[in-house]
Amino acid sequence: MLQLLKVQNVALISSLEVEFSDGLNVLSGETGAGKSIIIDAINFCLGEKADKSIIKHGTEKCVVTAIVDYSNPKSNKANDALAKILKAELESLGVDYDETDSTVILHRSLTTAGKSDVRINGTPVTLAGLKRIASLLIDIHGQHAHQSLFKKAMHTVILDSFSKEIPAIKNQLSTILTEYKQVEKGLKALGGDEASRARHLDLLSYQINEIEQANLVESEESELSAARNKMMNAERLKETANVALEILAEGAISVATKKLEQASNIDNQLEELAERLSSASYEISDIYFELKNYIGDLFLDERELERIENRLNKIRELKKKYGQDVPTILQFLQKAKAEYDTLTNASEQIEKLQKQKQALLNQLVKNADTLHQARQKTSLELEKKLIVSLADLGLASASFKVSLQKPENFANKITQNGYCDLEFLFSANKGQPLKPLAKIVSGGEASRFSLALKDIVRGFDSTPTLIFDEIDAGIGGKIGQVVAQKLANIASANQVLCITHLPQIAAMANTHFLIEKHETKDDTKTTLTKLDDKKAIDEIARLSGGQGISKSASDFAAELTKWAKEYKKVGFADSRS
């Protein structure tokens, strides 16, 4: 659930920190008090588009942080599924998380200079990454916001969550599909069909022959490069060696030795130095003669240089094809030989794998057909219950159907979700054709549709927090009571936040917050206050009694509160039964 929301410098909000509770959290207030600002702040933190106009006038930066606990003890099944998905998504974003801690911290800020900071659990992420994670944790439904309802991909998830048998069928399908892919991978490693295997063998044979004919030696390239470098710089080396010879030929060492020997008669301390210098003169003499031989051997052999260049070019050519250096090329050769031997003797193994592949494909088709049939059955049940629920909400003429399309050549299109193309179709008015949900419903109709749907699938919905923004627009009386009951039903399984004008919904709240706008001499601020029982009844009276709080309005508020408590005490009507 959404445990904590921190808002700083968003529109009329200077600073706000609110702790939401489990169950139904109701937010109400006068028109223009700033209820939409709360939703804007939450949307901002969930990764929705926003510009600098969201920043409070006179400030440089707005910040919103949301702490969400994704555990749901009321629905362990949904919680386990969500935890698994969240783990994979967080890992893909490089976000640190503690498996023993079920909280996720969403953070976003924006400056007047346009600089944005987006983080999950303190780790910087992209806005798209934030939105992806947030969509798993909080779902907003309102006049203009339906995060999941209009996404066709979510229709399959919603339908499957409504069935007790489909999850087991999908698990079995996933297991078979994994085995099938492993067999395909094995066949691919063995060259696939006979024609492709023959082509691959030809390629391997060419590669093996090309490398073997080169007769590569691991250290050869570096030795050839050194020889080439020496040959290309022969004149420069000869010039340097001749200068060294001239210096050595001057006999400075011999002269120095004699001088020291003569002086040692005066100071015997110089005798040892004279002896050491005399020994060095023998080594220098050897160097002199070796240097002369070195110069004699230095010359540019054009034919040898051409041979070296050709050899190096050949090695470079092989490196482009088979590896970054000679050792890597030789490793490639060994692998190619091993693969060639495997493919040459693979006929029996391939035949075995092909039979296994066909058997698994038959199982996949059978299992996918079973899944399709289960969805057809579940669709009829969902359609029936949803139409009844929509009628309760004042949409008695509404039509709803789950479209299940079976594609051609579906055997090659089976995934973990089977093969069917599934979409929700809806018509709000009698005589009007069914159309894709996203293309037909108005804001108010979408709100009621989502309310009816969430009521039916409650307990199976893995989204911890559901937000309904002014879902009561344009309704009242009996339908208002039904809306309140359905919100209470949903809140028995998921945390619900609801912005409302209806006293019936306000009376059903587990926690009631009042949104108020305060004007000072130089500023206007929006605040959010948690109401105690007495003040909550006063607010319900205001919602039901117009401008002032009359005695009759107060009595009505008390009656509504009693009605709501009785409803929650007796138990929630199960729309799925």
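Everything numeric here is computed off the predicted structure, so don't read it as measured data.

Rules of the game
Residues numbered from 1 in each chain as written. Predicted model: local features only at pLDDT ≥ 70, side-chain atom pairs only at ≥ 80, totals over all residues. Heavy atoms only, no water. Helix = DSSP H or I, 4+ residues; strand = E, 2+ residues; numbered from the N terminus. Rg over C-alpha atoms; globule rule 2.2 N^0.38 Å. Buried < 20%, exposed > 50% of the residue type's maximum accessible area, 1.4 Å probe, protein only. Contact = heavy atoms within 4.5 Å. Areas by Shrake-Rupley, 256 points an atom, 1.4 Å probe, with all protein chains shown as cover. Lys, Arg positive; Asp, Glu negative; His and termini not counted. Charge placed at Lys NZ, Arg CZ, Asp CG, Glu CD. Core = buried A, V, L, I, M, F, W, Y, C linked by side-chain atoms within 4.5 Å. pLDDT = per-residue confidence, 0-100. Expected span 1.5 Å × (residues − 1). Pairing = 2+ DSSP bridges. Axes fitted to C-alpha atoms, helices over the stretch in contact; angles between N-to-C directions. Salt bridge = Lys/Arg side-chain N within 4 Å of Asp/Glu carboxyl O. Polar contact = N/O pair within 3.5 Å; in protein donor to acceptor, adjacent residues only side chain to side chain. Parallel < 35°, antiparallel > 145°, perpendicular 65-115°, else oblique. Left-handed = near helix turned anticlockwise from the far one by under 90°. Nonpolar A, V, L, I, M, F, W, Y, C, P; charged D, E, K, R; others polar. Phe/Tyr/Trp six-rings, centres within 6.5 Å; stacked < 30°, edge-to-face > 60°.

1. Section: the overall build of the protein chain
If you tally the helices and strands in the protein chain, you get 19 helices and 15 strands. The C-alpha radius of gyration computed for the protein chain amounts to 40 Å, which surpasses the reference 25 Å derived for 577 residues by more than 25%, pointing to a less compact arrangement than a globule. Across its three principal axes, the protein chain shows a C-alpha extent of roughly 130 × 75 × 40 Å. Counting all 577 residues of the protein chain, 42% fall into the buried class. If you take every contact in the protein chain between residues at least 6 apart in sequence, the share linking residues at least 24 apart comes to 74%. Total accessible area on the protein chain stands at roughly 31,100 Å², and carbon and sulfur atoms take up 50% of it. Once the 74 positive and 80 negative side-chain charges of the protein chain are each reduced to a mean point, those two points are 10 Å apart.

2. Regarding the nonpolar core
Generally speaking, a soluble globular protein has its nonpolar side chains buried in company with each other. Core analysis: the largest hydrophobic core is formed by 94 residues, its most contacted members being Leu382, Phe424, Phe449, Phe468 and Leu487. In contact with Phe468, other than residues within four places in its own chain, are His141, Ser450, Leu451, Lys454, Leu487, Ile490, Val496, Leu497, Cys498 and Ile499.

3. Remarks on the confidence of the model for the protein chain
Residues with a pLDDT of 70 or more make up 94% of the protein chain, whose mean pLDDT is 86. The model gives residues 573-577 a pLDDT under 50, and that stretch makes 17 contacts with residues more than four places away or in other chains.

4. Observations concerning helix H16 (residues 477-491)
The terminal C-alpha atoms of H16 lie 21 Å apart, and with 15 residues this matches the ideal 21 Å at 1.5 Å per residue to within 8%. Those residues of H16 lying buried are Gly480, Val482, Val483, Ala484, Lys486, Leu487, Ala488, Asn489, Ile490 and Ala491.

5. Focus: the pairing of strand E13 (residues 495-499)
When you tally the buried positions in E13, you get five out of five residues, the bulk of the element. In E13, alternate side chains face the same way, and those of Gln495, Leu497 and Ile499 on one face and Val496 and Cys498 on the other are all buried. Direction of pairing for strand E12 (residues 465-469) relative to E13: parallel, over a ladder of five bridges. Among the inter-strand pairings, Leu466 is bridged to a residue of E13, identified as Val496.

6. Considerations on the sheet that holds strand E11 (residues 435-436)
Ordered in space as E9-E10-E11, the three strands form an open sheet in which the pairing is antiparallel. Edge positions in the sheet fall to strand E9 (399-405) and E11, since each has one partner strand and no second. As judged from the seven bridges shared by E9 and strand E10 (residues 421-427), these two strands associate in the antiparallel manner. Bridged to Val402 within E10 is Phe424.

7. Things to note about the sheet that holds strand E4 (residues 61-69)
In spatial order, the strands read E2-E1-E4-E5-E6-E7; together these six strands make up an open sheet with antiparallel pairing. Here the strands that pair on one side only, and so sit at the sheet edges, are strand E2 (13-19) and strand E7 (123-124). As paired elements, strand E1 (residues 2-10) and E2 share six bridges and run antiparallel to each other. Opposite Gln8, over in E2, you have Ser15 as the bridge partner. Where helix H1 (residues 35-45) meets the sheet, it contacts E1, E2, E4 and strand E5 (103-111), and its direction lies at approximately 80° from that of E4. In the packing of helix H3 (residues 127-137) onto the sheet, the strands contacted are E4, E5 and strand E6 (116-120), and the crossing angle to E5 comes to about 140°.

8. As for the pattern of salt bridges
Tallying each qualifying case throughout the model produces 24 salt bridges. Note that Glu212 is salt-bridged to Lys337, the shortest N-O span being 2.7 Å. Of this pair, Glu212 sits in helix H6 (residues 194-214) while Lys337 sits in helix H12 (residues 326-344), and the two are 125 residues apart along the sequence. Residue classification places Glu212 among the partly exposed positions, given a relative accessible area of 34%.

9. Some words on the environment of Ser161
Counting through the fold element by element, Ser161 comes out in helix H4 (residues 152-161). For Ser161 and Asp461, which are 300 residues apart along the polypeptide, the C-alpha to C-alpha distance reads 7.0 Å. A polar contact of 2.7 Å, which involves the side chain of Ser161, links it to the backbone oxygen of Ile158.

10. Brief notes about unusual backbone geometry
When glycine is set aside, most residues are seen to have a negative phi, and most peptide bonds are trans. The phi dihedral of Asn9 is positive, around 60°, even though this residue is not glycine. Within the element layout of this structure, Asn9 appears in strand E1. Residue Asn9 is classed as buried on the basis of its relative accessible area, which comes to 12%. For Asn121, which is not glycine, the phi torsion reads 55° and is therefore positive. Tracing the backbone through its elements, the reader meets Asn121 in the loop between E6 and E7.

11. What about the packing of H6 against helix H11 (residues 302-322)?
Relative orientation and spacing of two packed helices are given, respectively, by the angle between their axes and the distance between those axes. Packing of H6 against H11 brings their axes to within 11 Å, and their N-to-C directions diverge by 150°. Judged on the interaxial angle alone, H11 and H6 are roughly antiparallel. For H6 against H11, the interelement crossing comes out left-handed. Mapping the contact onto sequence places Tyr206, Gln207, Glu210, Ile211 and Ala214 in H6 and Arg311, Lys314, Glu317, Leu318, Lys321 and Tyr322 in H11. Of the residues belonging to the contact of H6 with H11, the class tally is five nonpolar, one polar and five charged.

12. A word on the environment of Glu30
Note on placement: Glu30 falls in the loop between strand E3 (24-29) and H1. Note: C-alpha distance between Glu30 and Arg542 (512 residues apart in sequence) is 9.3 Å. The residues touching Glu30, leaving out its near neighbours within four places in the chain, are Lys35, Ile515 and Arg542.

13. A word on the packing of aromatic side chains
What the rule picks out here adds up to six aromatic pairs. What links up through ring pairs into an aromatic cluster is the set Phe400, Phe424, Phe426 and Phe449.

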